[in-house]
Amino acid sequence: MSAIANSGKLVRLALRRDRIVLPAWLVVFVLFAAVNAAAVADLYPSVASRVQAAGASNSTPSLVMLYGWIYDPTAIGAIAILKLGGPYAALVGVLAIILTNRHTRSEEEAGRLELIGSTVVGRHSALAATMFTMVGAGVVLGLATAAALAAAGLPVAGSVAFGAAWTGLVLVFSAVTAFIAQLAQSSRTATGLSVLALGVAFVLRAVGDVTGHDRHPTFLTWLSPIGWAQQVRPYAGDRWWVLLITLGFSVLLYAAAYVLASRRDLGAGILPDRPGRATASKALRSPVGLAWRLQRNALYGWAGGFLLMGLVFGSAASGFGELLNSPSAKQLITALGGEKGVTEAFMAAVFGIVAVIASAYGISAALHLRGEESELRAEPLLATRAGRVRWAWSHTFVALAGTTVLLLVNGIGAGITYAAHTGDGADFGRLIVAALVQLPAVWVLTGFVVALFGLLPRLTVLGWVVLAALVALSEVGPLVKLDKTVLDVSPFAHIPKLPGGDVTVAPLAILVGVAAVLVAAGLVGFRRRDIAP
Amino acid sequence: MTTAISASGLVKTFGRTRALDGLDLSVRTGEVHGFLGPNGSGKTTTIRILLGLLRADAGTAEVLGGEPWRDATTLHGRLAYVPGDVTLWPNLTGGEVIDLLGRLRGGLDPARRRDLLERFDLDPTKKGRTYSKGNKQKVGLVAALASDAELLLLDEPTSGLDPLMEEVFQECIREVKADGRTVLLSSHILAEVEALCDRVSIVRKGRTVESGTLTELRHLTRTSINADLARSPNGLSSLDYVHDLEVDGTRVRFQVDTGRLDEVLRQLTDAGVRSLTSQPPTLEELFLRHYEDPDAQLPAARHEAAAR
């Protein structure tokens, strides 16, 4: 086992590096699970009410796409995990991707793996250590989630099955990332491709579920790791054997990652590097030109994803008309945060989710500032005439403009499919407006990161913490009936529910103002502080 | 004569670490000034302050007649900087980085760019992540040397370069000097310093411990003398500029402060010199003295103290 010598020490190094991020993520997920379970149990005390709610959800294609089927309409647990098994499962995948990449490809890119590789560690110790760390994190997540669900009063066996399904998701997406990390030439490409794989898994499950008959998904679902997690069917039969698929696939991918790792050089990818331009293009003459160049590929990828999301949600919403008679469906969707028509409430809720994802893009784009600074790439630029404010503005601008583009293409996508269904061209424009109206809240978060960068550069990671806290607040807050003043802390709470709701300009203008103040504070702060690697 | 850089009493602390502790530096316009000191002695911090990337806690600094923090953008148009560890964007080619930095500095000379690429034997079409350390360094050097900057701030610019490229670098710096431009060169390569620098400043623990031309600095050290005399010498031991005296019959061996060489030779010729070898201090000795000794004593002086 000399190829993985001293992996244990590397695991400890990984845990030391993630001592804040990892526990924070775990706590957030377990909290989500607990609160969801408790709230749903309150909402549907009787079997009759559960059957009605589950029937409404199962007969609504868009909900089946978003969440999956409820396999046992009488079981409170099966209803409670509806959200947890769908969108949250994807978030668990995101966690696995980010953490795995952090310890493999991005370590390699930073050259730290080389330093460690030269000490008494095996050739595969870093990969093995990452795997052990992720298995550990997955098991802890699964156990804690199972305990939280059981503590909320759900059956123990089902709770353990659900926890195991989440553990499986961590394993699978960690394995996918470890595999892709061997192929790609850069950490960003590796993350991008892994997230793409996650997106494909989500779409396969969604399409497989919705094209199947009542509670019988087609084979497409069985091609998706997220599908496998749902097919464990916690609280509805607890099919433990499905976990073996997850386990087998993870082992296979990790093994493939090991094989690839032994066939390539440190720092290189399997995909070859092509020579590039000998001279810079005309566009590469300013900080904004550079920021665009560095971020454009990522933005293209995100924009493609947002367009696809828009098209899918627009068509999903089109299927809503037939269900208007079902009061429990209305209740379910109104609980999602809508106001008027059920369809429009659904779209408004979807745009709320889209806004959160766009915020994640905005945060990551703005975090380029800190990345460039701490990797010392900003230094040569700041030693030119570029000027600090101009340089800091460059990535800020890409973040602000990028989020605008994302919401715009999302609105266009949703508008195309929705208007094609209703035959009303005006719906196209209404959905674009509904998407773009989210921007002020998204910009506030971008501005927050810029402010952190300028004033507290070592704490820029708080941008992610705050986003997670806001999501938790908006998801959990209404369920535990938090006071409105607390809920109003979130910028997302002040966005009008469009389409369908009323537009009030004042809160939007205030949000834009807050974002502007945050950006300005960040830029001024950066001009006044030391460059800090 | 004008000064390109003058700094006095620079202090900079990072948390509990005092990186600079009253550092002084004076670089004359048109000279190549060597900036030496052990690792962690504050050279990079000084250069970052001169670039306006850091703000000094105390002391004053003037670069090209401006205040580096306040006038950063204006000054940056007149200087070029090469960090000791050039980091490139993984997906930008070397050529793109050279052009970008040149444009941000206010333009670069395409002919000179071509010429430098050829002399440094650098392939500009490769992506940043595929360059070796030496080649990354070349990207930074070409970008800086292709500019018309009046002042070059070079922070260990040749780390990772092979001897052939080191030669090219020295040639380029001589050309820069011939153009009347100024260079501040932080370096550990003594041969490079000796070949290029008009004057040097040596820093230790955030302070300047020595500054001057190499000849001046040599005068501050000792020359070893080994002589065979016609008769036993008189009074050598009473001279306070003679150290480590060993007398073995008519053979004497000692060290003398280089500035007083003349006087001691007169003493020796009085006694009649049969043979004599003198060894001037090597550059290594000169620097090691400042690098390793906390009180800037000669290693010999310590031996003396130990023997007593």
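Since the structure is predicted, the reported quantities are computational estimates derived from the model, not experimental observations. (Residues numbered from 1 in each chain as written. Chains lettered and ligands numbered in written order. Predicted model: local features only at pLDDT ≥ 70, side-chain atom pairs only at ≥ 80, totals over all residues. Heavy atoms only, no water.)

Q: Would you mind showing me how to read helix H23 (residues 439-455) of chain A here?
A: The α-helix advances 3.6 residues per turn, and as a result positions three or four apart in sequence lie on the same side. Across its 17 residues, H23 of chain A extends 24 Å between first and last C-alpha, which sits within 8% of the 24 Å expected from 1.5 Å per residue. Counting buried positions along H23 of chain A yields 14 of 17 residues, so the element is predominantly enclosed. (Helix = DSSP H or I, 4+ residues; strand = E, 2+ residues; numbered from the N terminus. Expected span 1.5 Å × (residues − 1). Buried < 20%, exposed > 50% of the residue type's maximum accessible area, 1.4 Å probe, protein only.)

Q: In this structure, what is going on with the pairing of strand S8 (residues 199-204) of chain B? I would like to understand it.
A: Regular strands have side chains that alternate between both faces of the sheet. Residues and elements named next belong to chain B. Most of S8 sits out of view: six of its six residues are buried. Judged by which residues are buried, S8 turns out to be covered on both faces: Arg199, Ser201 and Val203 on one side and Val200, Ile202 and Arg204 on the other are all buried. Sheet topology places strand S3 (residues 32-36) next to S8; four bridges connect them, and they run parallel. Note that in S8 the partner of leucine 36 across the bridge is isoleucine 202. In this structure, S8 lies alongside strand S9 (residues 207-213), joined through six bridges in antiparallel fashion. The residue bridging valine 200 from the neighbouring strand is glycine 212, located in S9. The antiparallel pairing of S8 with S9 creates a hairpin that spans two residues between the two strands, and lysine 205 there sits at a positive phi of about 45 degrees. (Pairing = 2+ DSSP bridges.)

Q: When you look at the interface of chain A and chain B in this model, what are you seeing that I'm missing?
A: Often the size quoted for an interface is simply the accessible area lost on bringing the parts together. Listed per partner, the contact involves 40 residues of chain A and 36 residues of chain B. Where chain A abuts chain B, roughly 3,400 Å² becomes buried across the two surfaces, and 55% of that area is made up of carbon and sulfur atoms. Considering only the surface of chain A that becomes buried against chain B, Arg377, Glu379 and Arg385 of chain A emerge as the three largest contributors, covering 18% of it. Scanning the region where chain A abuts chain B turns up three salt bridges. At the junction of chain A with chain B, the criterion picks out 23 residue pairs in polar contact (both at pLDDT 80 or more). When the residues that make up the side of chain A that touches chain B are grouped by side-chain class, the tally is 15 nonpolar, eight polar and 17 charged. (Contact = heavy atoms within 4.5 Å. Buried area = accessible area lost by both parts, 1.4 Å probe. Salt bridge = Lys/Arg side-chain N within 4 Å of Asp/Glu carboxyl O. Polar contact = N/O pair within 3.5 Å; in protein donor to acceptor, adjacent residues only side chain to side chain. Nonpolar A, V, L, I, M, F, W, Y, C, P; charged D, E, K, R; others polar.)

Q: Hey, could you run me through the state of the cysteines in this one?
A: The term disulfide refers to a covalent linkage connecting the sulfur atoms of a pair of cysteines. Following the criterion strictly, the structure yields zero disulfides over all chains and no others. Unpaired in this structure, cysteine 172 of chain B has its nearest cysteine sulfur neighbour in cysteine 197 of chain B, at a distance of 15 Å. (Disulfide = S-S within 2.5 Å.)

Q: Would you explain the confidence of the model for chain B in this entry?
A: For any part of a model where pLDDT is low, the fine detail of the predicted coordinates should not be relied upon. Residue and element names in this part refer to chain B. The predicted model of chain B averages 87 in pLDDT, with 94% of residues at 70 or higher. Note that residues 296-308 has pLDDT below 50 and, in this model, 16 contacts with residues that lie over four places away or in other chains. The complex prediction reports pTM at 0.78, with the ipTM value standing at 0.82. (pLDDT = per-residue confidence, 0-100.)

Q: I keep staring at the sheet that holds strand S2 (residues 17-28) of chain B and nothing clicks. Help me out?
A: Residues and elements named next belong to chain B. Read from one edge of the open sheet, three strands run S2-S1-S4, paired in antiparallel fashion. Each of the sheet's edge strands pairs with one partner strand only, and the pair in question is S2 and strand S4 (58-63). For this sheet, the mean inter-axis angle between neighbouring strands, taken without regard to orientation, is 15 degrees. Note that strand S1 (residues 3-14) and S4 share five bridges and pair antiparallel. (Axes fitted to C-alpha atoms, helices over the stretch in contact; angles between N-to-C directions.)

Q: What exactly am I supposed to notice about the domain arrangement of chain A here?
A: Residue and element names in this part refer to chain A. Once the domains are mapped, chain A shows domain 1 (1-38 + 85-268) and domain 2 (283-533). Carbon and sulfur atoms supply 75% of the area that domain 1 and domain 2 bury against each other, a total of about 730 Å² over both sides. Among the residues domain 1 hides against domain 2, the three largest losses belong to Phe32, Val35 and Arg188. Together they make up 53% of the total. For the pair domain 1 and domain 2, the interface holds zero salt bridges. Along the contact surface separating domain 1 from domain 2 lie zero residue pairs in polar contact (both at pLDDT 80 or more). Considered class by class, the residues forming the side of domain 1 that touches domain 2 number three nonpolar, one polar and one charged. (Domains from an automatic or database assignment.)

Q: What should I look at first to understand the packing of aromatic side chains in this one?
A: Two aromatic rings are characterised by how far apart their centres lie and by the angle between their planes. Residue and element names in this part refer to chain A. Enumeration over the complete set of coordinates arrives at 13 aromatic pairs over all chains. Consider the rings of phenylalanine 162 and tryptophan 166, whose centres lie 5.1 Å apart with planes at 50 degrees: the pair is tilted. One end of the pair, phenylalanine 162, and the other, tryptophan 166, are both in helix H11 (residues 156-183), four residues apart, so they sit about a helical turn from each other. The ring of phenylalanine 202 carries the charged tip of arginine 205 above its face, separated from the ring centre by 5.3 Å. It is arginine 529 that lies over the ring of phenylalanine 453; its NZ or CZ is 4.9 Å from the centre. (Phe/Tyr/Trp six-rings, centres within 6.5 Å; stacked < 30°, edge-to-face > 60°. Lys NZ or Arg CZ within 6 Å of the ring centre and 35° of its normal.)

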